[in-house]
Amino acid sequence: MALLDVRIFPDPVLREECSPVNGFTGELAQLLDDMKETMYQENGIGLAAPQVGETIRATVVDVSEDGSDLIELVNPVIIASEGQVSSEEGCLSIPDYRDTVVRDALITVEAFDREGTKFTLEAEGILSICIQHEIDHLDGVLFVDRLSRLKRDMFKRWLKKQRKIQ
Ligand code: ZN
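Quick summary incoming for the structure in this document. The structure displayed is predicted, hence computed values, not measured ones. (Residues numbered from 1 in each chain as written. Predicted model: local features only at pLDDT ≥ 70, side-chain atom pairs only at ≥ 80, totals over all residues. Heavy atoms only, no water.)

**Some thoughts on the coordination of the zinc ion**
Definition in use: Coordinating donors are taken to be N, O and S atoms lying within 2.8 Å of the metal, or within 3.2 Å when the metal is Na, K or Ca; because water is excluded from the atom set, some sites may appear incomplete. The secondary structure listing takes helices from DSSP runs of H or I that are at least 4 residues long and strands from runs of E that are at least 2 residues long, numbered from the N terminus. Remark: exposure states derive from per-residue accessible area (1.4 Å probe, protein chains only) relative to the maximum for the residue type, with buried under 20%, exposed over 50%, and partly exposed in between.
The protein atoms donating to the zinc ion are C91 (SG), H133 (NE2) and H137 (NE2), with metal-donor distances spanning 2.0 to 2.3 Å. In the primary sequence, the donor residues of the zinc ion line up as C-x41-H-x3-H. Taken together, the residues span about one helical turn, with H133 and H137 both in helix α2 (residues 125–138) at a distance of 4 residues. Grouping residues by exposure puts H133 and H137 together as buried.

In structure tokens, the structure reads:
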């Protein structure tokens, strides 16, 4: 296993529409292992392939506190959703910025595991929010895109300040 470099906003790879995985190969398994290790190393609860420069529809999530609940989602699709919830989010690709995002409260997701077996998952709470955040990454969408106009302006100002500091 190897640690991967997490791509940081505004890296253009974060804006790409990712392609579906069509081969459940050893290469995919290796990538998922490396993504898992990188996510734990960075203390993240989710990581999507484009965040490590791979534009394929694969993501890993683990919202447990002790790293005991890893879920790998390949070609995930939200097939049902219900309710709304707002919560504070952050992103490994936008370090040090957090803000409140509104998302669906309950979701049903269809995805494949690393062997190509299809499964259905119902998620609520932080797991639901995390999966929606990661699926957004596969479409080139970042959580700051979902902020209100006012908050997005605040983000842009924050970004300018960060660039001056660096
Ligand atoms: Zn993210």
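**Looking at the packing of aromatic side chains**
Quick note on the threshold: Any pair of Phe, Tyr and Trp rings, taking the six-membered ring for Trp, is counted once the centres come within 6.5 Å. Such a pair is stacked with planes under 30 degrees apart, edge-to-face with planes over 60 apart, and tilted for the rest.
Applying the stated criterion across every chain, the model contains 5 aromatic pairs. Centre to centre, the rings of F9 and F155 are 5.7 Å apart; their planes meet at 55 degrees, and the pair counts as tilted. You can see F9 sitting in the segment before α1 (26–41) and its partner F155 sitting in helix α3 (residues 149–165), a full 146 residues away along the chain. For F155, a relative accessible area of 3% puts it in the buried group. Cluster of aromatic residues (ring-pair linked, three or more members): F9, Y97, F155 and W158.

**Focus on a positive patch on the surface**
Put simply, the rule is: Each patch is assembled from residues with relative accessible area greater than 30% and no salt bridge, linking like charges that lie within 9 Å and nonpolar side chains (Val, Leu, Ile, Met, Phe, Trp, Tyr) that lie within 5 Å. Computed by Shrake-Rupley with a 1.4 Å probe, the accessible areas treat only the displayed protein chains as cover when residues are assessed. Any Lys or Arg side-chain nitrogen found within 4 Å of a carboxyl oxygen on Asp or Glu counts as a salt bridge. In this tally, Asp and Glu contribute negative charge and Lys and Arg positive charge; neither His nor the terminal groups of the chain are included. Charge positions come from single atoms, namely NZ of Lys, CZ of Arg, CG of Asp or CD of Glu.
A cluster of basic side chains, namely R157, K160, K161 and K164, defines a positive patch on the protein surface. Inspection of the secondary structure assignment puts K160 in helix α3. Here K160 falls in the exposed class, since its relative accessible area comes to 60%.

**Notes on the pattern of salt bridges**
Scanning all chains against the criterion turns up 12 salt bridges. Taking the shortest distance from any N to any O, the salt bridge between E88 and R98 comes out at 3.0 Å. A residue pair is termed long-range when its members are at least 10 positions apart, and E88 in strand β3 (residues 71–91) and R98 in strand β4 (residues 94–112) qualify at 10 residues. As a salt-bridge pair, D136 and R146 come within 2.6 Å of each other at their nearest N and O atoms. Of the two residues, D136 sits in helix α2 while R146 sits in the loop between α2 and α3, which places them 10 residues apart along the sequence.

**Things to note about α3**
Note the threshold: Each helix should span, by expectation, one fewer than its residue count multiplied by 1.5 Å. Taken from the helix axis, the directions to the C-beta atoms give the arc we talk about.
Taking 1.5 Å per residue as the helical rise, α3 with its 17 residues ought to reach 24 Å, and the 25 Å between its terminal C-alpha atoms agrees with that figure. Every buried residue belonging to α3 is among F155, W158 and L159, and all of these are buried. For α3, the angular spread of the buried residues around the axis is 105 degrees, confining them to a single face. Seen from the buried face of α3, the exposed residues on the opposite side, beyond 90 degrees, are R149, L150, R157, K160, K161 and K164.

**Regarding the nonpolar core**
Threshold: To form a nonpolar core, buried Ala, Val, Leu, Ile, Met, Phe, Trp, Tyr and Cys residues must be joined to one another through side-chain atoms within 4.5 Å. Residues count as neighbours in contact if any of their non-hydrogen atoms are within 4.5 Å of one another.
With 14 residues, the main nonpolar core has F9, I94, Y97, F143, V144 and F155 as its most contacted residues. Looking at this core, the elements that each hand over two or more residues are β4 and α3. Not counting the four nearest positions on each side in its chain, V144 is found in contact with I94, Y97, R152 and F155.

**Side note on the sheet that holds β4**
Quick note on the threshold: Any two strands with at least two DSSP-identified bridges between them are counted as paired. A fitted line through C-alpha atoms represents every axis, and for helices the fit uses only the stretch in contact; the resulting angles, taken between N-to-C directions, go from 0 to 180 degrees.
Ordered by their spatial adjacency, 5 strands build an open sheet running β1-β2-β3-β4-β5, and the pairing between neighbours is antiparallel. With partners counted over all chains shown, the strands left at the sheet margins are β1 (46–48) and β5 (118–123), one partner each. Taken pair by pair, the neighbouring strands of this sheet meet at an average axis angle of 40 degrees, ignoring direction. Bridging between strand β2 (residues 58–61) and β3 involves 4 bridges; their strand directions are antiparallel. Of the residues in β3, the one forming a bridge with T59 is L73. In the packing of α1 onto the sheet, contacts are made with β1, β2 and β3, and the angle to β2 comes to roughly 40 degrees.

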